[in-house]
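Working through the structure, step by step
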Amino acid sequence: MSGPSPRYIVHGATGAQGAPVVTALTAAGFNAIGAVRDVTRIGGPAMVVDLSSTEALIRAYRGSGGVFIHLPEGRPEDHRAQMMAVSRAIRVARPRRVIMSTSGHAIGPGSGAAIAILHHELQAIGVPFAVVEPQISLENLLAPQIFDAALREEVLRLPMHRDVRLRWSSHLDVADTVTQLFHQHVGGRVLVGASPGLSGPDIAAGFSRYFEREIAYEAISQDAFLELSAFADGGAVSGQSVVDRLHRAQIQSRATDGSVSAVSLLGLRPRAVHEWLGDLGI
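Presented here is an overview of the structure given in this document. Just so we're clear, the structure is a prediction, and the values are computed from it rather than from any experiment.

Focus: the packing of aromatic side chains
- A complete count under the given rule lists seven aromatic pairs for this structure.
- Note on Y210 and F211: the rings are 5.0 Å apart at their centroids and 85 degrees apart in plane angle, and the pair reads as edge-to-face.
- Each residue in the set F147, F207, Y210 and F211 is aromatic and connected to the rest through ring pairs, giving one cluster.

Encoded structure:
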């Protein structure tokens, strides 16, 4: 007689990155458990876990089939302390597998991102793990100064030169990748996103196809984008976030080796822009 199915711990299960992972894992038959600060904010199975408490993390990880971790919103100094707590808990509890998402941050030599701390520690601990590496999320396009303006004025504006191509992907693509990694036990780096990358005009074409009307692309400066953001509802903060993420994505010299892409390793093609919009039900 088989015992209960192992728990798969998902950090940030109420957030934009973690919630799709819980949904995808549950749909695939995994016993997904949200590790959250407030269990009243999640409809499914969950447990209260303080990301900075090694003791709480050990209790959550012990006996688990896997753990999914990414950087939450917050201050860099908090992130560093949290990733150290996570690594200490993994060293003690020894979950069967760990999957971490870089959330667009670099993890190579000299990286100042806290997620790089966890990557370094996982290499030393020896627990089987994989690194999901999205570059920039399509969900950034939902910021009101981008999305609402694109539909209202039929112009999609971004602080990104029209010839720049980035490896855009959806949080839904990351969730599918995480689910397959728990199924297939592939290790190492897994790049997620469009290859070749998408340009601004490519994104606008995806909007045009989905909404069945012509939406043009306009590259604008960072200052002009932030000025537009200041007049959007809640846009000032999201505008700066979009600028920071685009800037980070453009300056990073990420390998685009097809041999470590989700397509090659797992057979997962990232959603096209019009497919992503359709899956969101917009």
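Section: helix α11 (residues 273–280)
- Within the sequence span of α11, burial applies to V273, W276 and L277. Considered in projection along α11, the buried side chains sweep an arc of 100 degrees and stay on one side of the axis.
- Residues of α11 that are buried sit in contact with α5 (144–153), α6 (171–184) and α7 (200–211).

Some words on the packing of helix α3 (residues 76–93) against helix α4 (residues 114–125)
- Put simply, α3 and α4 touch, their axes get as near as 8 Å, and they point 15 degrees apart. Considering their axes alone, α3 and α4 lie roughly parallel with respect to each other. Handedness of the crossing formed by α3 with α4: right-handed. Contacts from H79, R80, M83, M84, V86, S87, I90 and R91 in α3 reach A114, I115, I117, L118, E121, L122, A124 and I125 in α4.

Quick notes on the environment of P196
- Considering the arrangement of structural elements, one finds P196 in the loop between β10 (188–192) and α7.
- Here P196 falls in the exposed class, since its relative accessible area comes to 64%.
- Distance in space between the C-alpha atoms of P196 and R165 is 7.5 Å, their sequence separation being 31 residues.

What counts and how
- Here the residue numbering is sequential within each chain, running from 1 through the sequence in written order.
- Whole-chain, interface and lining totals are the exception, using all residues; otherwise, since this is a predicted model, local features are given only for residues with pLDDT of at least 70 and side-chain atom pairs are given and counted only at 80 or more.
- Side-chain calculation: all heavy atoms of the structure are included, whereas hydrogens and water are not.
- In this analysis, rings of Phe, Tyr and Trp, with Trp reduced to its six-membered ring, are considered paired at centre separations within 6.5 Å, and the interplanar angle assigns stacked below 30 degrees, edge-to-face beyond 60, and tilted for intermediate values.
- Only protein chains enter the area calculation, which uses a 1.4 Å probe; residues under 20% of their type maximum are buried, those over 50% are exposed, and those in between are partly exposed.
- Helix and strand assignments come from DSSP, with helices taken as H or I runs of at least 4 residues and strands as E runs of at least 2, each series counted from the N terminus.
- This arc describes the spread of directions from the helix axis toward the C-beta atoms.
- A contact between two residues is defined here by any heavy atoms of the two lying within 4.5 Å.
- In this description, a line fitted to the C-alpha atoms serves as the axis of each element, helices being fitted only across the stretch in contact, and the angle between N-to-C directions of two axes falls anywhere from 0 to 180 degrees.
- To sort the angles, those under 35 degrees are grouped as roughly parallel, those over 145 as roughly antiparallel, those from 65 to 115 as roughly perpendicular, and the leftovers as oblique.
- For a crossing to be left-handed, the near helix must be turned anticlockwise from the far one by less than a right angle; the clockwise case is right-handed.

So yeah, pure geometry; function would need other evidence.
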